[in-house]
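These are the residues of each chain, in order.
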Amino acid sequence: MRNPISKNRNYLLAYFAIWITIFLIQTFIINFFYGVESMISLTDSAVFNMLFALIGLNLWYVIRFNLKETPNIFDLLFNHLIIIVLTIGAWIAVSYFILINIFPESNSYREFLNDSLPWRVITGIFYYLLFIMFYYVMLFYEDLQEKLKVEAELQTLVNEAELSALKSQINPHFLFNSLNSISSLTITNPDKAQEMVIKLSDFLRYTLSHDKEEKTSLKEEFNNLHRYLDIEKIRFGHRLNFTTNIPEECKKFLIPNMILQPLLENAIKHGVYNSTEEVLVELNCRHNSENVIIEISNEYDPKSVKKKGGGIGLKNIRKRLQIIYKRHDLLEISAEKLIFRATLKLPLSE
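Each value, and the rule that gives it
Residues numbered from 1 in each chain as written. Predicted model: local features only at pLDDT ≥ 70, side-chain atom pairs only at ≥ 80, totals over all residues. Heavy atoms only, no water. Pairing = 2+ DSSP bridges. Helix = DSSP H or I, 4+ residues; strand = E, 2+ residues; numbered from the N terminus. Axes fitted to C-alpha atoms, helices over the stretch in contact; angles between N-to-C directions. 1 Å grid on protein atoms, 1.4 Å probe; cavity = no way out; pocket = protein on both sides within 12 Å on 5 of 7 lines; lining within 4 Å. Points joined across faces, edges and corners; volume = space filled by probe spheres on them. Nonpolar A, V, L, I, M, F, W, Y, C, P; charged D, E, K, R; others polar. Expected span 1.5 Å × (residues − 1). Buried < 20%, exposed > 50% of the residue type's maximum accessible area, 1.4 Å probe, protein only.

Picture the strands of a sheet paired through backbone hydrogen bonds; they go either parallel or antiparallel. A sheet is described by the order of its strands in space; here 5 strands give the open sequence β2-β4-β5-β7-β6, paired in mixed fashion. Every other strand in the sheet has two partners, leaving β2 (240-245) and β6 (331-336) as the edge strands with one partner each. Ignoring which end each strand starts from, the neighbouring axes of this sheet average 15° apart. When strand β4 (residues 279-287) meets strand β5 (residues 291-299), the two strands line up antiparallel, connected through 7 bridges. Paired with Glu282 across the strands is Ser297, a residue of β5.

Written out as structure tokens, the structure reads:
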């Protein structure tokens, strides 16, 4: 893994700017306060600071690959103590060697080097601690980002698994009712039983082919509703009267697949199931600048609904919408007089 300073252009520019500033300040201090010649002051500051700038970049690899996983705090402190002694010792020794060879005849400068040893050691410790703090912050940030990434991936997998589970609950529920009807029709009307098996096969084929896709066009979803209705009309005959009002511009929008079938199933269950008269079930669609709005309404008997309960359909839809859109307000249920209405408000996605 590359050093966080060298791999980030802004960090690298800031790094050079900081060391140039330190170089200029130290040159001024040596020249003005210690009376060292300008050329020697420039060289001294350049050698010491340039060497530690290079050392500082390489400290990242020592911490990242050797000290990061040290579990014991005492071992960590002891290791840092050894590294800081070796680092500062090597830094001062190499710098002294270079500068003495550059200015071999300047006894006054040699004396200055010896006298400056204590504050150079303190300066080196200060530099080391700054580098260590910066690198540990970067390591903490990288670990945090990695954990957030892993958590996001896990959450995605959980959501996908939960969505699959929610969708898988719909098919057995519908399949159970259809197979019961087919079983009855095989005795009373074999031809209708055969037709219903074919329709059911078409419906399940669509369901399986779209199982891995989370969204589909409203046109595709509407076509699948017709497959479902063909099955239900065989079961309920004239009692089910289904009408639609879906403008062409609505059909291009993407919606969660298999999201309308449970709503239609709920309308049929509570509106048509116990009725002996014709029951009107309507599907209407419109859109505005933000949402595509789909309404499914049906005539119903309030007493019958109370006896039957809510079922899993509406709960599954609410949960799926919450997972997909991260919102809780996309499904509204209302009952006015003898009309039950379910309204989906889905954010536009073409």
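Having seen it, we continue.
Once rolled over the atoms, a probe with the size of a water molecule shows which space is left empty. Per the counting criterion, the structure on display carries 2 cavities of 30 Å³ or more. As a volume, the second largest cavity reaches approximately 40 Å³. In terms of lining residues, the second largest cavity is bounded by Arg318, Leu321, Arg327, His328, Leu330 and Leu331. Taken together, the residues of the lining of the second largest cavity break down into 3 nonpolar, 1 polar and 2 charged.

Helix length check: helix α1 (residues 9-33) (25 residues) gives 36 Å between terminal C-alpha atoms against 36 Å at 1.5 Å per residue, within 8%. Restricting attention to buried positions, one finds in α1 the residues Tyr15, Trp19, Gln26, Thr27 and Ile30. Remark: Gly35 follows α1 within two positions and exhibits a positive phi of approximately 70°.

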